[in-house]
Amino acid sequence: SLYIMSRPEHLAPPEIFYNAEEARKYAGNSRMIKIQTELTERCLELLSLPEDQPSLLLDVGCGSGLSGEVLTEAGHIWLGLDISRDMLEVAKEREVEGDLFLQDMGQGVGFRPGTFDGVISVSALQWLCNADKKCHEPRKRLARFFSTLYGVMAHGAKAVFQFYPENPEQAQMITLHATKAGFTGGIVIDFPNSSKAKKMFLCLFAGVSAKLPEGKTGLGAAPSEGASFIHKARQKNKKAGVKSRDWIVAKKERRRRQKGKEAVRPDTKFTGRKRRDRF
Amino acid sequence: MLLLAHNMLTSHVKGVKNGYPMLLKVNEIDEKEIEFSGEFITRMLPRLQWPVLVQVLKDIGKPDLVPAEVPEDAADNEDFLKAAHHALLELDIINGELECPESHMKFPITDGIPNLLIKEEQE
């Protein structure tokens, strides 16, 4: 059914869902190849690596290596992780150039600090939000993944995850854990107004804050909807300080609106002004 | 698994403080051909632990593949860069085992793919 097709992660964990048969189907389907290739090309574009510089990249959820082939073609060397042995076997059969590892990203990644110039991931991140085993706690797995990922990236490196969040809460949970791990960045949305073409990319920066790239709209110069969830999450935690000017002005305004409390002093430039420490 | 990856791999076992280098046992090794880029190797040199590479090559019976130390003129030394390229990107460990140096958890390598899955009850 359409439901199953659109949400395979509800059907079975990835290592079961992408079994030998499914893995072969996936890698042999020309429509799938086209989609994966285009998504990877967009991920690379968002990574904005220095031009003509062969880089070392990590492909998280590399599957049968469709995304990796785009990286090879662009002149990069890559390491790929995937939790499905069957998918990796197909990648081997297809003789991809990347180095492959059978690994569960929720258990963390282990490389020396500053190993990778960039990280890409195509349609894999949402799998991390499942609890397929009793011991799986998505929050812990996200925290483990992002905190270890941060450590293996070169200073200033970017990670771009194309993903399909189930709902805004899931997207927020993912970005929250990325922020906690030290990343800056946010979500870039391509074609936000098209249910078919809409694509979401979590763009993370390690060690620097850079400007979030704009999403594609297909409407010429129309503004992007690339909202920074991370920015919002940060603001939410930062309440206006008690006794700050904003807090005082807001309180006075509330008092004025109450009956019989009209005698509130007007706001002036002295309202809420910081006084010198005299003692 | 390539020796470039081994050189950068650390143990991802939870709680391990010193997970580098991963102990490597090799049963079967293959060679493949990867397009040479001197620029890539030069870029990787500062990220590599050269003595770890030298030791692994010794262990697998290829001690003369690269010099014991990175030459000072490495970036302009094509012979050296090509040797490093071959050692790092063209030797492929097909069958063997990785072992975390601290927890001693073992990770088998089969068909060239290390199985780095940690059994959850072990975590």
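The structure under discussion appears in the preceding block.
Being a predicted model, the structure only gives us computed values, none of them experimental.

**Section: unusual backbone geometry**
Note the cis peptide between Tyr20 of chain B and Pro21 of chain B, where omega equals -10 degrees. Unlike most non-glycine residues, Asp52 of chain A shows phi in positive territory, near 60 degrees. For Asp52 of chain A, the location among the structural elements is in the loop between helix H4 (30–47) and strand E1 (56–60). One non-glycine residue, Glu95 of chain A, lies in positive phi territory at about 55 degrees. By secondary structure assignment, the location of Glu95 of chain A is in the loop between helix H6 (85–93) and strand E3 (99–102). Among the residues examined, Glu95 of chain A registers a relative accessible area of 67% and is labelled exposed.

**Details of the nonpolar core**
Counting 78 residues, the largest nonpolar core has Phe146 and Leu149 of chain A together with Leu4 of chain B as its most contacted members. Excluding residues that lie within four positions of it along the chain, Leu149 of chain A makes contacts with Leu58, Val109, Val119, Ala159, Phe161 and Phe183 of chain A. Core analysis: the second largest hydrophobic core is formed by 25 residues, Leu46, Leu57 and Leu102 of chain A together with Ile113 of chain B among them.

**As for the pattern of salt bridges**
A complete count under the given rule lists 15 salt bridges over all chains for this structure. A salt bridge links Glu97 of chain B to Lys25 of chain B, with the shortest nitrogen-to-oxygen separation between them at 3.9 Å. Here Lys25 of chain B lies in strand E1 (residues 23–31) and Glu97 of chain B lies in strand E2 (residues 91–99), a separation of 72 residues in the sequence. Connected via shared salt-bridge partners are Arg42, Glu45, Asp190 and Lys216 of chain A.

**Things to note about the packing of aromatic side chains**
Tallying each qualifying case throughout the model produces eight aromatic pairs over all chains. Centroid distance Phe111 of chain A to Phe116 of chain A: 5.0 Å. Interplanar angle 85 degrees. Geometry classified as edge-to-face. Of the residues examined, Phe111 of chain A reaches a relative accessible area of 4% and is grouped as buried. The exposure class of Phe116 of chain A is buried, given its relative accessible area of 0%. For the ring pair Phe146 of chain A and Phe161 of chain A, a centre distance of 6.0 Å and an interplane angle of 75 degrees mean the geometry is edge-to-face. Residue Phe146 of chain A is located in helix H7 (residues 138–152), and its partner Phe161 of chain A is located in strand E5 (residues 153–163); the two are separated by 15 residues in the primary sequence. In this pair, the class of Phe146 of chain A matches that of Phe161 of chain A, namely buried. Sitting above the plane of the Phe36 of chain B ring, Lys82 of chain B keeps its charged end 5.5 Å from the centroid.

**Remarks on the sheet that holds E1 of chain A**
Residues and elements named next belong to chain A. In space, the seven strands of this open sheet follow the order E3-E2-E1-E4-E5-E7-E6, with mixed pairing throughout. Edge positions in the sheet fall to E3 and strand E6 (184–190), since each has one partner strand and no second. Mean inter-strand twist for the sheet, computed between neighbouring axes without regard to direction, equals 15 degrees. When E6 meets strand E7 (residues 199–205), the two strands line up antiparallel, connected through seven bridges. Opposite Asp190, over in E7, you have Lys199 as the bridge partner. Against the sheet, H7 makes contact with E1, strand E4 (116–122), E5 and E7, and its axis sits at roughly 135 degrees relative to E5, the strand it touches most. Of the strands in this sheet, E5, E6 and E7 are in contact with helix H8 (residues 168–180), which crosses E7 at around 15 degrees.

**Let's talk about the packing of H4 of chain A against helix H5 (residues 66–73) of chain A**
Residues and elements named next belong to chain A. Running from N to C, H4 and H5 point in directions that differ by 50 degrees, and their axes come no closer than 8 Å. On the basis of their axis angle, the class for H4 and H5 is oblique. Regarding H4 and H5, the two cross each other, and that crossing is right-handed. Here H4 contributes Ile33, Gln36, Thr37, Thr40, Glu41 and Leu44 to the contact with H5, which in turn contributes Leu66, Ser67, Val70 and Leu71.

**Quick notes on the sheet that holds E1 of chain B**
All names here are of chain B. Strand order in the open sheet formed by four strands is E1-E2-E3-E4, and the pairing between neighbours is antiparallel. Both edges of this open sheet fall to E1 and strand E4 (113–114), since each of them pairs with a single strand only. By the bridge criterion, eight bridges tie E1 to E2 in an arrangement that is antiparallel. Opposite Leu23, over in E2, you have Glu99 as the bridge partner. Contacting E1 and E2, helix H4 (residues 78–90) runs over the sheet at an angle of about 55 degrees to E2.

**With respect to the interface of chain B and chain A**
At the interface, 34 residues of chain B touch 36 residues of chain A. Here chain B packs against chain A, burying approximately 2,900 Å² in sum over the two surfaces, 55% of which is carbon and sulfur. The interface formed by chain B and chain A contains three salt bridges. The salt bridge involving Lys92 of chain A is made with Asp92 of chain B; its shortest N-O contact spans 3.9 Å. At the junction of chain B and chain A, the tally comes to 13 residue pairs in polar contact (both at pLDDT 80 or more). Of all the secondary-structure elements, those providing two or more residues to the side of chain B that touches chain A are helix H1 (3–8), helix H2 (38–44) and E4 of chain B.

**Some details on the pairing of strand E2 (residues 77–82) of chain A**
Residues and elements named next belong to chain A. Of all the six residues making up E2, six are buried; the element is thus mostly covered by neighbouring parts of the structure. In terms of strand pairing, E1 meets E2 through five bridges, oriented parallel. Directly across from Leu58, in E2, lies its bridge partner Leu79. For the crossover that starts at E1, traverses H5 and ends in the parallel E2, the hand is right-handed. Viewed along the sheet, the connection from E2 through H6 into E3 turns out right-handed.

Thresholds, definitions, all that
- Residues numbered from 1 in each chain as written.
- Chains lettered and ligands numbered in written order.
- Predicted model: local features only at pLDDT ≥ 70, side-chain atom pairs only at ≥ 80, totals over all residues.
- Heavy atoms only, no water.
- Helix = DSSP H or I, 4+ residues; strand = E, 2+ residues; numbered from the N terminus.
- Buried < 20%, exposed > 50% of the residue type's maximum accessible area, 1.4 Å probe, protein only.
- Core = buried A, V, L, I, M, F, W, Y, C linked by side-chain atoms within 4.5 Å.
- Contact = heavy atoms within 4.5 Å.
- Salt bridge = Lys/Arg side-chain N within 4 Å of Asp/Glu carboxyl O.
- Phe/Tyr/Trp six-rings, centres within 6.5 Å; stacked < 30°, edge-to-face > 60°.
- Lys NZ or Arg CZ within 6 Å of the ring centre and 35° of its normal.
- Pairing = 2+ DSSP bridges.
- Axes fitted to C-alpha atoms, helices over the stretch in contact; angles between N-to-C directions.
- Parallel < 35°, antiparallel > 145°, perpendicular 65-115°, else oblique.
- Left-handed = near helix turned anticlockwise from the far one by under 90°.
- Buried area = accessible area lost by both parts, 1.4 Å probe.
- Polar contact = N/O pair within 3.5 Å; in protein donor to acceptor, adjacent residues only side chain to side chain.
- Right-handed = clockwise from strand over helix to strand, strands pointing away.

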